[in-house]
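Structural characterization, general
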Protein chains: 4
Amino acid sequence: MQTVLEEALEAAHKNNDGKIANYIPELAAADAELTNVAVFEPDGTLYTAGSGLEVKQTLQSIAKLVVLIGLLEDVGPQAMIPWVRSEPSGSDFHSIARLDQFGPVPSNPMLNSGAISLCAHIPGNAEQQLAWLENWNKQLFGEHLNINTKVFASERRTGDRNRSLAYLLKSNGLIERDVNEVLDIYFYLCSFEANTPNLAYLAHILANGGLNPKGETIVSKQTVLNVVSIMATCGLYNESGTHLVRTGFPSKSGVSGFILATAPRRAGIAVSSPRINRKGTSIRGQIILEHLSKHLNWHFAL
Amino acid sequence: MQTVLEEALEAAHKNNDGKIANYIPELAAADAELTNVAVFEPDGTLYTAGSGLEVKQTLQSIAKLVVLIGLLEDVGPQAMIPWVRSEPSGSDFHSIARLDQFGPVPSNPMLNSGAISLCAHIPGNAEQQLAWLENWNKQLFGEHLNINTKVFASERRTGDRNRSLAYLLKSNGLIERDVNEVLDIYFYLCSFEANTPNLAYLAHILANGGLNPKGETIVSKQTVLNVVSIMATCGLYNESGTHLVRTGFPSKSGVSGFILATAPRRAGIAVSSPRINRKGTSIRGQIILEHLSKHLNWHFAL
Amino acid sequence: MQTVLEEALEAAHKNNDGKIANYIPELAAADAELTNVAVFEPDGTLYTAGSGLEVKQTLQSIAKLVVLIGLLEDVGPQAMIPWVRSEPSGSDFHSIARLDQFGPVPSNPMLNSGAISLCAHIPGNAEQQLAWLENWNKQLFGEHLNINTKVFASERRTGDRNRSLAYLLKSNGLIERDVNEVLDIYFYLCSFEANTPNLAYLAHILANGGLNPKGETIVSKQTVLNVVSIMATCGLYNESGTHLVRTGFPSKSGVSGFILATAPRRAGIAVSSPRINRKGTSIRGQIILEHLSKHLNWHFAL
Amino acid sequence: MQTVLEEALEAAHKNNDGKIANYIPELAAADAELTNVAVFEPDGTLYTAGSGLEVKQTLQSIAKLVVLIGLLEDVGPQAMIPWVRSEPSGSDFHSIARLDQFGPVPSNPMLNSGAISLCAHIPGNAEQQLAWLENWNKQLFGEHLNINTKVFASERRTGDRNRSLAYLLKSNGLIERDVNEVLDIYFYLCSFEANTPNLAYLAHILANGGLNPKGETIVSKQTVLNVVSIMATCGLYNESGTHLVRTGFPSKSGVSGFILATAPRRAGIAVSSPRINRKGTSIRGQIILEHLSKHLNWHFAL
């Protein structure tokens, strides 16, 4: 296993394509060369390789999984039907046109619109919602996560497109709360910081029917199958289909360069490298995943 | 296994929703009560249940798998990149708007536009193309399939929307041949007749890395992972995401009431029941699949 | 003339189609039978007919003309090119999809998005912007107009779709100010109250190269030709083409039931009747205009 | 008048922007410097200026006026409602997405889809339809027009996008005839050849309530107001609004470089220059029209 990981990193390092996300200064300051991978096997063994494994970075869209999982556990999929659908949209992550034409309900919870819709339904007041998120983060990533307040401030400052989505959701009847409060929760969500092994910890839970690396049940099988299915069809926006062919891993990408990937019954995987393509996916990260899939015969279809 | 199948059928029979496809007379004449299922286990054992298992019906969109598989084997996925992509479209099976706005290349080969694009690249002249299809049918369904000439004639007569798609593809530079010849191949493709066990035979190949129920290698693992991944994200058009959550089976639907489903390494499955929903998917078929997934713990994510 | 007006009203009264706008309570409380018309001839003679001529109602979308005219006079059409285009959009008045797909600049100033974009460019701070509007209202409608504060409050309360548009504009770089301030100006704009003769006064200015009924030059010919052309192609959203065929009057509609229409060099016209069709246009109002066009031979093309 | 025309040409000659249409060889071979204008005053006096006034060029989209006028005269606007609407589409001349999303009926007869829909309703068999067109051409352009058979052959050869539109129309129930026959008529329509004075002759008819330069009534006022209104809102596709602001002339453009423009009660105008912009409009032609509008005070709004 360790050899395969090292070879995968070597293959990834040959590629220097892509750009670091620069819509906010904190993301732009990332180390372009940081590239690593962490794999949890079903028995809880962790393998890692690469540089910067301990570096904490913001979850960005990876965190959409947290609110999805938490609500699936709290209220169940039936109650969530009016809030978000489970269909790939064929559109960009922040498409407003798609929501306006094919709404009123967002296509899936991996889109900004879908995640904002879910944030509006986290129970409690603002403090309780934050506590809810922190609790779920601890359960899902294996330790308490902190918020990068600079990223939060930047997301908030530059979040007009998300505000547009949120007000359209409110106009569509999907948000009852104050839109700014909902967006604050959404911006907090994106701003939690974790490292690659933290993400592999969640990947392990999703790859093993809800058990964390210590063998404790964290979420139900029903939640797992919902989340993993949605990752398979929607996790990388309008690159999801190509990614599934190429790697065979239901995955979720984030613009900070993380990809969280799950090989059901085989492994929970996370990769990190900040150079992303035009869909917001880590280019080296995809190369690593493809290498693992091929050399470990982990493609879900095989 | 047999008990689970019988229970699944019982559950399905409680539902009388949906309508038989009626855009052509031959489909409209189907027996509304015909409901069956066939399952091939990895060792080649076949289980069946329900009525009308021997009844041959037209493949309709199920046949899109044939041209996809055949070309993947013949020319490989790289050569097919200019002909069709592998992304869910978020649109109906016959959307022309989608192709016009997001083309020039069709989003995926499960859409009419994508399958027509592939039909234009089957090697040889018209006779050779038909022979190519017949040969692949025999390999993939386990026996020679016949064409329902009435259905062919009806598809041809009512195929103006497909003609519109085909001329748009030609205008986009994706078809070099005569459009009517290409469409004839496409209409033939839809008009081959098979029964549910025939479809389960193909499902077995896809669920077992390319091996048919007799243990012979029919297609490569590369082809399998391509096809099964595309089925997972695109097989039921803009119902694919919901279907994957619900059943966990990468599947392909057809308006005649078939669903071909694959549980990798576990089973190849086919169901048939002609009452379809507004997306063209067999309603009882989905109930059967959901029942099997749950009671046999076959969801791909678990 | 008076006879033709009376006959037009008679024709209009035979129609009871349409519904009073009810998205806010104040509009829903309108008198369904109120139906009237006012016509200014080039020499400043005013003809009127019908009931409720003195009743003041909110301008709603009619007021989009005010900000357009004011800015054309203040900064000229060249400076406005980055803020709004002059093309019919083929979409609804409040389409967000259109702006997202064909933006970043709104198609025309008769759409909500276009008018909001212009409101963001009224010079000065909030108080100065309101004073600017009041001044232009006085110039264009012939007297000081008051704001209906209940309507303002309702528009503000129910304005989430406009907020969504405004944040999308801000995200597109078209709004530098605080979005809530811009929207307050927009909601004020919609909430000014006028009666039908007030609107005919503005129609006179537009029909006579910028001269008010007293013969004073209020706006330049350049402004007139801009505004009247935009009314011709965009004044009734995706009903503009049909309206121009039918009446031959470049017009602007408002959901309170007003239509302001201009017959260049012939007459300035305004009508009022609150029952509107699905595009937001007064049904009786259109009948009156069509009658005048036909019986006075005022179609612009003849 | 002659001086103004000469000055307009001089202004136009300063601009060398735009490209000659080159999707078919015959258009690509046009003389890039050919630039001229013809104006019919209401009394039938013809003024001309520029080079190549006698050169016959294909009508291209100008000819959409012929089928529209002919059918308005033959069957009247009511009968045509199921065939085509009168609304600007906000889309390109050959948009298929627009028809698929907002159909089934084309938005207006200036679009390819709208003109093809009308061609399907010209009475009689193929020979009678051609005779019908030839008769209307003679009435509207003042003399018999010939077909450029090379252009016809090229249009036919390269017409796949129009075929796609036509089959979508047939699928929508708007074409009962054989699609290829309908398209042949459409391609013939585009291939008739005329010179600028021929076009000014038709412009005179439209500017003078249906009277030709000899004072004979050719079409009804009802037809004129329909056609001129549609030209105003739809004549230059998604450039119509900007053109109306700029020139004040309801116009129709063609990719061969013609613009036919009407100043109601003032003049019928035609211009020709083959360098077109991305919307398919003659750039020098627009400059000439703008010059005339300004210097003769012919803007319809003034």
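Described below are features of the structure shown in this document. Everything quoted here is computed from the prediction, not taken from an experiment.

1. Some thoughts on the relation of the copies chain C and chain D
Once chain C has been moved 0.0 Å along the axis and rotated by 180 degrees, it coincides with chain D to within an RMSD of 0.0 Å. The superposition of one copy onto the other is thereby described by a two-fold rotation axis. In this assembly, 100% of the residues forming the interface of chain C have copies in chain D that are likewise at the interface, indicating an isologous arrangement.

2. A word on the relation of the copies chain A and chain B
Think of it as a corkscrew move, a rotation about one axis and a shift along it, taking one chain copy to the other. Superposing chain A onto chain B takes a rotation of 180 degrees combined with a translation of 0.0 Å along the rotation axis, leaving an RMSD of 0.0 Å. Interface residue correspondence from chain A to chain B reaches 100%, placing this contact among same-surface, isologous pairings.

3. Some remarks on the sheet that holds strand S3 (residues 46–50) of chain A
Residues and elements named next belong to chain A. Spatially, S3-S2-S8-S7-S6 is the arrangement adopted by the five strands of the open sheet, whose pairing is antiparallel. If you trace the sheet from one side to the other, it starts and ends with S3 and strand S6 (251–253), each paired once. Strand-to-strand twist in this sheet, taken as the mean axis angle between neighbours without regard to direction, amounts to 10 degrees. Pairing of S6 with strand S7 (residues 258–263), which is carried by three bridges, proceeds in the antiparallel orientation. Across the sheet, the residue bridging to Ser-253 is Ile-259, located in S7.

4. Section: the packing of helix H5 (residues 112–119) of chain B against helix H8 (residues 160–171) of chain B
All names here are of chain B. At their nearest, the axes of H5 and H8 sit 10 Å apart, and the two run at 60 degrees to each other. In terms of orientation, H5 lies oblique with respect to H8. The interaxial crossing formed by H5 with H8 has right-handed handedness. For the pair formed by H5 and H8, the contact residues are Asn-112, Ser-113, Ile-116 and Ser-117 on the first element and Asn-162, Leu-165, Ala-166 and Leu-169 on the second. The residue makeup of the contact of H5 with H8, split by class, is four nonpolar, four polar and no charged.

5. Here's the deal with the interface of chain C and chain D
With 35 residues of chain C in contact, the opposing surface of chain D contributes 35 residues. Taking both partners together, chain C and chain D bury about 2,800 Å²; carbon and sulfur atoms supply 60% of that area. Considering only the surface of chain C that becomes buried against chain D, C:Arg265, C:Phe300 and C:Leu302 emerge as the three largest contributors, covering 22% of it. For the pair chain C and chain D, the number of links is 14 residue pairs in polar contact (both at pLDDT 80 or more). Counting residues per element, the ones that place at least two in the side of chain C that touches chain D are helix H11 (221–234) and helix H12 (240–247) of chain C. The greatest single-element share of the side of chain C that touches chain D, amounting to nine residues, is contributed by H11(C).

6. Describing the sheet that holds strand S6 (residues 251–253) of chain D
Think of a sheet as strands paired side by side through backbone hydrogen bonds, with each pair either parallel or antiparallel. Residue and element names in this part refer to chain D. Strand order in this open sheet of five strands is S3-S2-S8-S7-S6, and the pairing throughout is antiparallel. Two strands close off the open sheet at either side, each with one partner strand: strand S3 (46–50) and S6. This sheet shows a mean twist of 10 degrees between the axes of neighbouring strands, independent of strand direction. Bridge count for strand S2 (residues 36–40) against S3 is five bridges, and the pairing is antiparallel. Of the residues in S3, the one forming a bridge with Val-37 is Ala-49.

7. A look at helix H1 (residues 2–13) of chain A
Residue and element names in this part refer to chain A. Compared with an ideal rise of 1.5 Å per residue, which puts twelve residues at 16 Å, H1 spans 17 Å between its outermost C-alpha atoms and is within 8% of the ideal. Three or more residues of H1 are buried, namely Val-4, Leu-5, Ala-8, Leu-9 and Ala-12. Down the axis of H1, the buried side of the element spans an arc of 140 degrees, and every buried residue falls inside it. Among the exposed residues of H1, those pointing more than 90 degrees away from its buried face are Thr-3 and Glu-10.

8. Some remarks on the interface of chain A and chain B
A common measure of how large an interface is: the accessible area buried when the components associate. Tallying the contact residues gives 35 residues for chain A and 35 residues for chain B. Between chain A and chain B, the buried area comes to about 2,800 Å², and carbon and sulfur atoms account for 60% of it. It is A:Arg265, A:Phe300 and A:Leu302 that lose the most area in chain A upon contact with chain B, and together they represent 22% of the buried surface on that side. One can count zero salt bridges joining chain A with chain B. Applying the counting rule to chain A against chain B returns 14 residue pairs in polar contact (both at pLDDT 80 or more). For the side of chain A that touches chain B, the elements supplying multiple residues, two or more each, are helix H11 (221–234) and helix H12 (240–247) of chain A. Here the side of chain A that touches chain B takes nine residues from H11(A), the largest share from any one element. Residue composition of the side of chain A that touches chain B, grouped by class: 15 nonpolar, 13 polar and seven charged.

9. As for helix H9 (residues 179–191) of chain B
In a regular helix each residue adds 1.5 Å, so 13 residues correspond to 18 Å; H9(B) covers 18 Å between its end C-alpha atoms and thus fits that length. N-cap assignment for H9(B): the residue whose side-chain oxygen lies 3.0 Å from the backbone N of B:Asn180 is B:Asp178.

10. Details of the state of the cysteines
Within the structure shown, the criterion is met by zero disulfides over all chains. B:Cys119 provides the cysteine sulfur closest to B:Cys190, a residue in no disulfide bond, and the two sulfurs are 7.7 Å apart. Its relative accessible area of 5% is what places B:Cys190 among the buried residues. This cysteine, B:Cys234, is not joined by any disulfide, and A:Cys234 carries the nearest cysteine sulfur, 11 Å off. On the basis of relative accessibility, which here comes to 2%, the residue B:Cys234 falls in the buried class.

11. Let's talk about the packing of aromatic side chains
Scanning the model with the defined rule gives 24 aromatic pairs over all chains in all. Relative to B:Tyr188, the ring of B:Phe152 has its centre 4.1 Å away and its plane inclined at 10 degrees; by these criteria the two rings are stacked. Of this pair, B:Phe152 sits in helix H7 (residues 149–157) while B:Tyr188 sits in helix H9, and the two are 36 residues apart along the sequence. When the ring centre of A:Phe102 is taken as reference, the NZ or CZ atom of A:Arg98 above it lies at 4.1 Å.

12. Quick notes on the packing of helix H3 (residues 64–74) of chain D against helix H7 (residues 126–141) of chain D
All names here are of chain D. Interaxial distance between H3 and H7 falls to 10 Å at its minimum, and their mutual angle equals 100 degrees. Comparing their axes, H7 and H3 come out roughly perpendicular. In contact with Val-66, Val-67, Ile-69, Gly-70, Leu-71, Glu-73 and Asp-74 of H3, H7 contributes Trp-132, Leu-133, Trp-136, Asn-137, Leu-140 and Phe-141. The residue makeup of the contact of H3 with H7, split by class, is nine nonpolar, two polar and two charged.

13. What about the side chain of B:Ser282?
Residues and elements named next belong to chain B. Mapped onto the fold, Ser-282 is located in the loop between strand S9 (275–276) and helix H13 (283–295). Within the structure, Ser-282 has its side chain in polar contact with the backbone nitrogen of Gly-285 (distance 3.0 Å). Each residue touching Ser-282, except ones within four places of it in the same chain, is listed here: Gly-257, Ile-259, Ser-273, Arg-275 and Ile-276.

14. Some details on unusual backbone geometry
The linkage connecting A:Gly103 with the following residue, A:Pro104, adopts the cis geometry, with an omega of 15 degrees. Within the fold, A:Pro104 resides in the loop between helix H4 (96–102) and helix H5 (112–119).

Cut-offs applied
- Residues numbered from 1 in each chain as written.
- Chains lettered and ligands numbered in written order.
- Predicted model: local features only at pLDDT ≥ 70, side-chain atom pairs only at ≥ 80, totals over all residues.
- Heavy atoms only, no water.
- Least-squares fit on C-alpha atoms with pLDDT ≥ 70 in both.
- Contact = heavy atoms within 4.5 Å.
- Pairing = 2+ DSSP bridges.
- Helix = DSSP H or I, 4+ residues; strand = E, 2+ residues; numbered from the N terminus.
- Axes fitted to C-alpha atoms, helices over the stretch in contact; angles between N-to-C directions.
- Parallel < 35°, antiparallel > 145°, perpendicular 65-115°, else oblique.
- Left-handed = near helix turned anticlockwise from the far one by under 90°.
- Nonpolar A, V, L, I, M, F, W, Y, C, P; charged D, E, K, R; others polar.
- Buried area = accessible area lost by both parts, 1.4 Å probe.
- Polar contact = N/O pair within 3.5 Å; in protein donor to acceptor, adjacent residues only side chain to side chain.
- Expected span 1.5 Å × (residues − 1).
- Buried < 20%, exposed > 50% of the residue type's maximum accessible area, 1.4 Å probe, protein only.
- Arc of directions from axis to C-beta.
- Salt bridge = Lys/Arg side-chain N within 4 Å of Asp/Glu carboxyl O.
- Disulfide = S-S within 2.5 Å.
- Phe/Tyr/Trp six-rings, centres within 6.5 Å; stacked < 30°, edge-to-face > 60°.
- Lys NZ or Arg CZ within 6 Å of the ring centre and 35° of its normal.

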